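Per-entry structural report
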Amino acid sequence: MIRINENYLNLQASYLFSTIAKRVSEFQGCHPDTEILRLGIGDATRALPKACIEAFHAAIDEMAADATFRGYGPEQGYAFLRESIAENDFQTCGVDIAADEIFISDGAKCDTGNFQEILSTDISVAIPDPVYPVYVDTNVMAGRTGDFEGGRYRNIVYLECTEDNGFIPDLPKKPVDLIYLCFPNNPTGATITHDQLAPWVDFARENRALILFDAAYEAFIRDDSLPHSIYEIPGAREVAVEFRSFSKTAGFTGTRCAFTVVPKECMAFDSHGNRQSLHALWNRRHSTKFNGVSYPVQRAAAAIYTDAGKQQVREIIAGYMKNADRIRREMDDLGFSCVGGVNSPYIWINVKQDSWKFFDTLLTQTGVVCTPGGGFGVCGDQYVRLSAFNSFENVEKAMKQIKNIR
Ligand code: PLP
């Protein structure tokens, strides 16, 4: 008899985006003349940079001729892209990462979700609350989390991110084996300093733990004093894996290209306490289950690192950050306490009431759609997330509408 992985039965249905869509469409049905302004979106809205499009076209043309056609590429990614990343994202910033420590993939969602697969199922896991839900759900699928009781999984160590700790979680009170961190954060938009990140690296080293550091929003950091990579922290090469993505940086959400950094010193342990290379294990997993990102997409991604590409990416990010500034200013003026929107595209707003209740009020009184924070974890219950991924025109309209909220 064929049987299922029963851990899947322990997954909680994710009603967040489907419930939002349902409530918006019901409201729109009753109020067809109200303009709906969607500030809940976590998806890029601006076109790919011109440099990427040109490289994309040129690579497609190469595929059109036998002499330049490419079939299967290296599973880890083409050297031209891995070398550009190593040089531009790490080495020129004084961070010691080599091209062969970079694994190109089709998304940070897949990588953050898949990486836990090479780790034992009986390790303890610490996950932030609120959180990007992929970290939780993939650990549920692997059977690490225990039962769901009172809104939380019994065996997860929740790292609470609240106003009291400035949305930077405190270190766990007891040793844990696997730690997820994400900065700049989705959904809070909070960022972390060197001094705040260093204790996590020390904690991981002391406890022989591993940090999975999601830096998908790294490109939005404008404050030069903030770390762009966990590898700016001494010792991190031994205990951290970093995930990056071109999705939000350059509009690759639909095109799909990202990468994961696994330094050669990064180790985990077998049941005898022997050190095992995570680089070797991930390489094995990646090359067994993944067959590489398409050649034209990798060429398009590599164009981000040309002079023209860098300039165009800067302009795209500046556009989103202009939106973030506008939203943040309006929220401050309206007297809301908020975080984010300064070095990240998300603004996390304390609405001091049930987040779904506020969602309904905002929608019905103004036509503006936000994302209720309760969908990201218990600690998000009194918050909503606004996103800067939109046109300035729409943001401006939404901010004018929001003033009318009673
Ligand atoms: N990590 C975080 C924190 C995200 O918010 C997202 C997307 O919203 C991703 C990863 C997914 O990135 P990708 O599009 O590369 O799969």
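Residue numbers run consecutively from 1 along every chain, following the written order of its sequence. Only residues with pLDDT of at least 70 are given local features in this predicted model, and only at 80 or more are side-chain atom pairs given and counted; all residues enter the totals for whole chains, interfaces and linings. By convention in this description, side-chain values take in all heavy atoms of the structure and omit both hydrogens and water.

A few words on the site of the ligand. Nearness here has a simple test: a residue counts as near a molecule or strand if at least one of its heavy atoms is within 4 Å of that partner. With respect to spatial proximity, 14 residues lie near the ligand, and among them Asn 186, Asp 214, Tyr 217, Ser 245 and Ser 247 are the closest. Think of a polar contact as two N or O atoms within 3.5 Å of one another; within protein, one of them needs to be a possible hydrogen donor and the other a possible acceptor, and neighboring residues in sequence only count if both atoms come from side chains. Between Tyr 217 and the ligand, the recorded distance is 2.6 Å, taken from a side-chain N or O atom to an oxygen atom. Contacts to the ligand include Arg 256, whose side-chain N or O atom sits 2.8 Å from an oxygen atom. Compared with its free state, where it exposes 400 Å², the ligand has 91% of that area covered by protein. Here a strand is any run of E in DSSP of at least two residues, a helix any run of H or I of at least four, and the numbering for each starts at the N terminus. Put simply, the parts of the chain that give the shell around the ligand at least two residues each are helix 4 (108-114) and helix 8 (247-250). Each accessible area is a Shrake-Rupley estimate made with a 1.4 Å probe; only the visible protein chains count as cover when residues are assessed.

As for its position among the elements, Arg 144 is in the loop between helix 5 (134-141) and strand 4 (148-149). This buried residue, Arg 144, is left without a salt bridge; Asp 122 holds the nearest opposite charge, at 7.2 Å. A distance of 3.0 Å separates the side chain of Arg 144 from the backbone oxygen of Leu 119, its partner in a polar contact. Within the structure, Arg 144 has its side chain in polar contact with the backbone oxygen of Ser 120 (distance 2.9 Å). Look past the residues within four positions of Arg 144 in its chain and what remains in contact with it is Gln 116, Leu 119, Ser 120, Thr 121, Ile 123, Val 125, Asn 139 and Asn 155. In this scheme, a residue with accessible area under 20% of its type's maximum is buried, one over 50% is exposed, and one in between is partly exposed, where area comes from a 1.4 Å probe on protein chains only. In this count, Lys and Arg are taken as positive residues and Asp and Glu as negative ones, while His and the chain termini are left out. For this document, the term salt bridge refers to a Lys or Arg side-chain nitrogen within 4 Å of an Asp or Glu carboxyl oxygen. In this analysis, two residues are considered to be in contact whenever any of their non-hydrogen atoms come within 4.5 Å of each other.

In an α-helix, one full turn covers 3.6 residues, which means residues spaced three or four apart are oriented alike. In a regular helix each residue adds 1.5 Å, so 12 residues correspond to 16 Å; helix 3 (residues 79-90) covers 16 Å between its end C-alpha atoms and thus fits that length. For helix 3, every residue scored as buried is listed here: Leu 81, Arg 82, Ser 84, Ile 85, Ala 86, Asn 88, Asp 89 and Phe 90. Of the surrounding secondary structure, the elements contacted by the buried residues of helix 3 are strand 2 (102-105), strand 9 (240-245), strand 10 (258-261), helix 10 (295-302) and helix 11 (307-333). Take the number of residues in a helix, subtract one, and multiply by 1.5 Å to get its expected span.

Pairs can form between side chains of opposite charge whenever their charged atoms are close. Under the criterion given, the structure shown has 23 salt bridges. Linking Arg 23 and Asp 360 is a salt bridge whose minimum nitrogen-to-oxygen distance equals 2.8 Å. With Arg 23 in helix 1 (residues 16-30) and Asp 360 in helix 12 (residues 355-366), this pair connects stretches of sequence that are 337 residues apart. A relative accessible area of 29% means that Asp 360 is categorised as partly exposed. With a closest N to O distance of 2.5 Å, Asp 129 and Arg 152 form a salt bridge. You can see Asp 129 sitting in strand 3 (residues 125-129) and its partner Arg 152 sitting in strand 5 (residues 152-153), a full 23 residues away along the chain. It is possible to trace a salt-bridge network through shared partners that takes in Asp 96, Glu 101, Arg 237 and Glu 265.

Given two aromatic rings, their pairing is described by the distance between the two centres and the angle made by the two planes. Pairing of aromatic rings covers Phe, Tyr and Trp, the last counted by its six-membered ring, and requires centre-to-centre distances within 6.5 Å; plane angles under 30 degrees mean stacked, over 60 mean edge-to-face, and any other angle means tilted. By the definition in use, this model includes 22 aromatic pairs. Here Phe 246 and Phe 252 contribute two aromatic rings whose centre-to-centre distance is 6.0 Å and whose plane-to-plane angle is 55°, an arrangement assigned as tilted. Neither Phe 246 nor Phe 252 differs from the other in exposure class; each is buried. Aromatic rings pair up to connect Phe 90, Phe 246, Phe 252, Phe 259 and Tyr 305 into one cluster. Comment: the charge-over-ring label is applied if NZ (Lys) or CZ (Arg) is within 6 Å of the ring centre and within 35 degrees of the ring normal. Lying over the aromatic face of Tyr 320, Arg 46 brings its terminal NZ or CZ to 4.9 Å of the ring centre. The ring of Phe 103 carries Arg 82 above its face, with NZ or CZ at 5.9 Å from the centroid.

The next subject is the domain arrangement of the protein chain. Annotation comment: domain bounds sourced from an automatic or database domain assignment. The domain architecture assigned to the protein chain consists of domain 1 (6-46 + 314-402) and domain 2 (53-307). Put simply, the middle of domain 1 and the middle of domain 2, counted by C-alpha atoms, are 26 Å apart. Here the quantity called buried area is the accessible surface, traced with a 1.4 Å probe, that two parts lose on coming together, added over both. Contact between domain 1 and domain 2 buries roughly 2900 Å² in total, counting both sides, with carbon and sulfur atoms accounting for 58%. Considering only the side of domain 1, the residues that lose the most area to domain 2 are Asn 343, Phe 376 and Cys 379, jointly responsible for 22% of the buried surface there. Across the domain 1-domain 2 interface, the total number found is 19 residue pairs in polar contact (both at pLDDT 80 or more). If you list the elements that add at least two residues to the side of domain 1 that touches domain 2, you get helix 11, strand 13 (337-340), strand 14 (346-350) and strand 17 (383-387). Considering each element in turn, the side of domain 1 that touches domain 2 owes the most residues, four residues, to helix 11. The class makeup of the residues in the side of domain 1 that touches domain 2 is 16 nonpolar, 12 polar and four charged. Classes in brief: Ala, Val, Leu, Ile, Met, Phe, Trp, Tyr, Cys and Pro nonpolar; Asp, Glu, Lys and Arg charged; the others, Gly included, polar.

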